[in-house]
Amino acid sequence: MASPVAAISAAVRSERQRRGLSLSELARLAGLSKATVSQLEAGTGNPGVETVWALSVALGVPFSRLVTPPRPAIRILRADEGSPTHAEESDYTATLLASCAPEAQCDIYRIRAEPGRARRSSPHLPGTIEHVVLTAGRAMAGPLDQAVELDVGDYVSYRGDIPHVFQALAPETSAVFVLEQN
């Protein structure tokens, strides 16, 4: 894993190049010396918060983009991996597959459920939308009063900020959920 300075250096260089700026142009926009920006990109500088903040403003990117280590190009999570969370009142398991970057607000889950008691969800944060793709079995999903039946490959989206339900109608039902928060 790269050091924090190396991660910042790589991020600044990448964002500068993406915007088509020279070192001199970036230094001018950030109110920094060209030597400071050059040392930082070379990984020999030790930037303070003020320097990184000035660079983020000059590059037009959130501060977090410059200080958060980059994600790997490929991330694999096998079907039997991850940390499942089990429902208390139904045969329903949710495994977080990925969460989005801090500036984006969405989480991706794999759901496994068995027929029986429905998984009723209380409203999530205002503006939440749930997206569901059924990958195996059959299920009912959606708002409590408007749930729809899904077959393999079907997709549905609905407000997640109102009471909603997911109920397996066939053994070994599974789905992918994306929770999007606006």
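Predicted model only: the values in this text are computed from it and were never measured.

**A closer look at the sheet that holds strand β9 (residues 164–168)**
Strands sit in the order β4-β9-β6-β7 across an open sheet of 4 strands; the sheet is antiparallel. Only two strands of the sheet have a single neighbouring strand rather than two, namely β4 (119–121) and β7 (148–151). Between one strand axis and the next, the sheet turns by 20° as a mean value, whatever way the strands run. Sheet analysis places strand β6 (residues 138–143) next to β7, joined by 4 bridges and oriented antiparallel. Pairing of Ala139 across the sheet is with Leu150, part of β7.

**Things to note about a nonpolar patch on the surface**
Where nonpolar side chains cluster on the molecular surface, the patch consists of Val49, Trp53 and Val57 and spans about 330 Å² of accessible area. Secondary-structure assignment places Val49 in helix α4 (residues 49–59).

**Looking at the side chain of Glu15**
Structurally, the position occupied by Glu15 is in helix α1 (residues 4–19). On the basis of relative accessible area, Glu15 is assigned to the buried category, the value being 8%. One polar contact links Glu15 to Arg18, side chain to side chain, over a distance of 2.7 Å. Apart from residues no more than four positions distant in its own chain, Glu15 is found in contact with Leu59, Val61, Arg65 and Leu66.

**What about the packing of aromatic side chains?**
This structure, assessed with the given rule, holds 2 aromatic pairs. Between Tyr92 and Phe166 the ring centres are 6.0 Å apart and the planes differ by 65°, which places this aromatic pair in the edge-to-face class. With Tyr92 in strand β2 (residues 92–99) and Phe166 in strand β9, this residue pair connects regions lying 74 residues apart in the sequence. The class of Tyr92 is buried, set by a relative accessible area of 10%. A ring pair is formed by Phe166 and Phe177, whose centres lie 5.3 Å apart and whose planes are at 70°; its orientation type is edge-to-face. Residue Phe166 is located in strand β9, and its partner Phe177 is located in strand β10 (residues 173–181); the two are separated by 11 residues in the primary sequence. Classification of Phe166 as buried rests on a relative accessible area of 3%.

**Section: helix α3 (residues 34–42)**
Those residues of α3 not exposed but buried are Val37, Leu40 and Glu41. The arc that holds every buried residue of α3, seen down its axis, measures 95°, which confines them to one face. On its buried face, α3 is in contact with α1, α2 (23–30) and α4. After α3 finishes, the residue Gly43 shows a positive phi value of roughly 80°.

**With respect to the confidence of the model for the protein chain**
Of all residues in the protein chain, 90% attain a pLDDT of 70 or more, and the chain-wide mean is 86. Element-level pLDDT for the protein chain is lowest in β2, with a mean of 76, against a maximum mean of 96 in β9.

**Some details on the pattern of salt bridges**
Going through the model one piece at a time under the given rule, you end up with 5 salt bridges. Between Arg16 and Glu41 there is a salt bridge; the shortest N-O distance is 2.6 Å. With a gap of 25 residues between them, Arg16 in helix α1 and Glu41 in helix α3 connect regions that are remote in the sequence. Note on accessibility: Arg16 and Glu41 belong to one class, buried. Arg117 is the partner of Glu89 in a salt bridge, and the nearest nitrogen-oxygen pair spans 3.3 Å. Of this pair, Glu89 sits in the loop between β1 (84–86) and β2 while Arg117 sits in the loop between β3 (106–113) and β4, and the two are 28 residues apart along the sequence. Per residue, the accessibility class of Glu89 equals that of Arg117, and both read exposed.

**Describing the packing of α2 against α4**
Where α2 contacts α4, the two axes come as close as 8 Å, and the packing angle between them is 110°. Looking at the two axes, α2 sits roughly perpendicular to α4. Mapping the contact onto sequence places Leu26, Leu29 and Ala30 in α2 and Ala54, Leu55, Ala58 and Leu59 in α4. In the contact of α2 with α4, the residues fall into 7 nonpolar, no polar and no charged.

Calculation rules
Residues numbered from 1 in each chain as written. Predicted model: local features only at pLDDT ≥ 70, side-chain atom pairs only at ≥ 80, totals over all residues. Heavy atoms only, no water. Pairing = 2+ DSSP bridges. Helix = DSSP H or I, 4+ residues; strand = E, 2+ residues; numbered from the N terminus. Axes fitted to C-alpha atoms, helices over the stretch in contact; angles between N-to-C directions. Patch = residues over 30% accessible without salt bridge, like charges linked within 9 Å, V, L, I, M, F, W, Y side chains within 5 Å. Areas by Shrake-Rupley, 256 points an atom, 1.4 Å probe, with all protein chains shown as cover. Salt bridge = Lys/Arg side-chain N within 4 Å of Asp/Glu carboxyl O. Buried < 20%, exposed > 50% of the residue type's maximum accessible area, 1.4 Å probe, protein only. Polar contact = N/O pair within 3.5 Å; in protein donor to acceptor, adjacent residues only side chain to side chain. Contact = heavy atoms within 4.5 Å. Phe/Tyr/Trp six-rings, centres within 6.5 Å; stacked < 30°, edge-to-face > 60°. Arc of directions from axis to C-beta. pLDDT = per-residue confidence, 0-100. Parallel < 35°, antiparallel > 145°, perpendicular 65-115°, else oblique. Nonpolar A, V, L, I, M, F, W, Y, C, P; charged D, E, K, R; others polar.

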